[in-house]
Amino acid sequence: MDAYRRSAMVYKVFTIAFTLVAIGLAVITLYPYLFSLIASLRKGFNIYSFQFRFSDLTTYAYERILFGLKDYETGITIWRWMLNSLILSASTTLLTLLFSSMGGYALARMEFAGKKAWFAAILAVMMIPGQITLVPKYIMIVRGLEWGNSYTGLIVPFLFSAYYTFMMRQFFLSFPKELEEAAIMDGMGRIGIFVKMLLPLSKAPLLAAGTLLFMGSWGSYLWPKLLLQKQELYPISVGMTLMMNSKYKAAPSIPIAAAIITMLPLLILFIIFQRYFMESIANTGSKGA
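These lines cover the structure that appears in this document, whether it is placed above or below. It should be emphasised that the depicted structure is a prediction, and the values quoted were computed from it without experimental measurement.

About the criteria used
Along each chain, residues carry numbers from 1 onward, in the same order as the chain's sequence is written. Reporting of local features is limited, given that this is a predicted model, to residues whose pLDDT is at least 70; pairs of side-chain atoms are given and counted only at 80 or more, and all residues count toward the totals for whole chains, interfaces and linings. Calculated side-chain values reflect all of the structure's heavy atoms, with hydrogen atoms and water omitted. In DSSP terms, a helix is any run of H or I states spanning at least four residues, a strand is any run of E spanning at least two, and both are numbered starting from the N terminus. Only heavy atoms enter the contact rule, under which two residues are in contact if any of them lie within 4.5 Å. In this scheme Phe, Tyr and Trp rings, the latter by its six-membered ring, pair at centre separations within 6.5 Å, and the angle between planes marks the pair as stacked below 30 degrees, edge-to-face above 60, and tilted otherwise. Buried residues are those whose accessible area, probed at 1.4 Å on protein chains only, stays under 20% of the maximum for their type, while exposed residues exceed 50% and partly exposed ones sit between those limits.

1. Observations concerning unusual backbone geometry
Working step 1: In the Ramachandran plot, glutamate 146 falls in the positive-phi region, its phi being about 55° despite a non-glycine side chain.
Working step 2: Of note, glutamate 146 is situated in the loop between helix H5 (134-144) and helix H6 (151-155).
Working step 3: In this structure, asparagine 149 takes a positive phi of about 55° despite not being glycine.
Working step 4: Within the secondary structure, asparagine 149 is located in the loop between H5 and H6.

Structure, rendered in structure tokens:
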């Protein structure tokens, strides 16, 4: 009985300790978001002060943004930059999902010369950091194809994704071959099988990949900053740097409020589709090569 009591006591102590650690980590994780929210509701330069009253909080920064706030130096509203980000993110996401699913299906189900070599090349590409290819990519897009200052130059280089091609390949490998064989016997071709059967059944991995692609494209900064000179084409990630370096330094709550507004679409998107992440993780890698 004493041994049982001791084990129960140890269990309670560890439970309390782990709970306290979890609470501490949650506070550390959430503090920057809470600080940003409070700072966006304060005036002047006192955003770093811990002494404030709730009666001092104001929605001034959000009102300026929502009702046509323009950058002092460019005259461009934040909504124009958000529209640019939406166009770029949506186009990149849809086209990348299309090509990645097509490539994944070909690697999983079709037989062609050099199939293993292509798959090995895709795995090798996944191990190369994107920064290494940044300079040759810039030379090819700007000097070779002359796609600088255009949406084409921002979208086309990212239409192929080795990671999501691999992800879709693994999902299609887990798809029963018997269903495909039955469809072929009924006279359905490869395109029909892919479009009418596999894509509708690939909702979980496609939505999970699409969410990650959209979030990554929305927050992309380095490539648009290198490629674009026209400020009216800037996505919100680059446009925000103009606000931070302009006369809004005198009102830091405005750029912080703008950052919170630009984060909301990603937060909503993640909350809606977060359940598909676990489904895609369970499917990916469930069957080997």
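What follows picks up the thread again.
2. Overview of the side chain of threonine 262
Working step 1: Turning to its location among the elements, threonine 262 is positioned in helix H13 (residues 253-273).
Working step 2: Ignoring sequence-local partners within four residues, the contact set of threonine 262 consists of Ile78, Met82, Trp218 and Ile236.

3. Here's the deal with the packing of aromatic side chains
Working step 1: Under the defined criterion, the tally for this structure stands at 10 aromatic pairs.
Working step 2: Note on tyrosine 105 and phenylalanine 194: the rings are 5.5 Å apart at their centroids and 45° apart in plane angle, and the pair reads as tilted. Here the residue tyrosine 105 occupies a position in helix H3 (residues 78-109), and phenylalanine 194 occupies one in helix H9 (residues 190-201), the gap between them amounting to 89 residues.
Working step 3: Of the residues examined, phenylalanine 194 reaches a relative accessible area of 9% and is grouped as buried.
Working step 4: Here tyrosine 163 and tyrosine 164 contribute two aromatic rings whose centre-to-centre distance is 5.0 Å and whose plane-to-plane angle is 80°, an arrangement assigned as edge-to-face.
Working step 5: Looking at tyrosine 163, the relative accessible area reads 44%, which means it is partly exposed.
Working step 6: Taken together through their ring pairs, the aromatic side chains of Tyr105, Phe171, Phe172 and Phe194 make up a single cluster.

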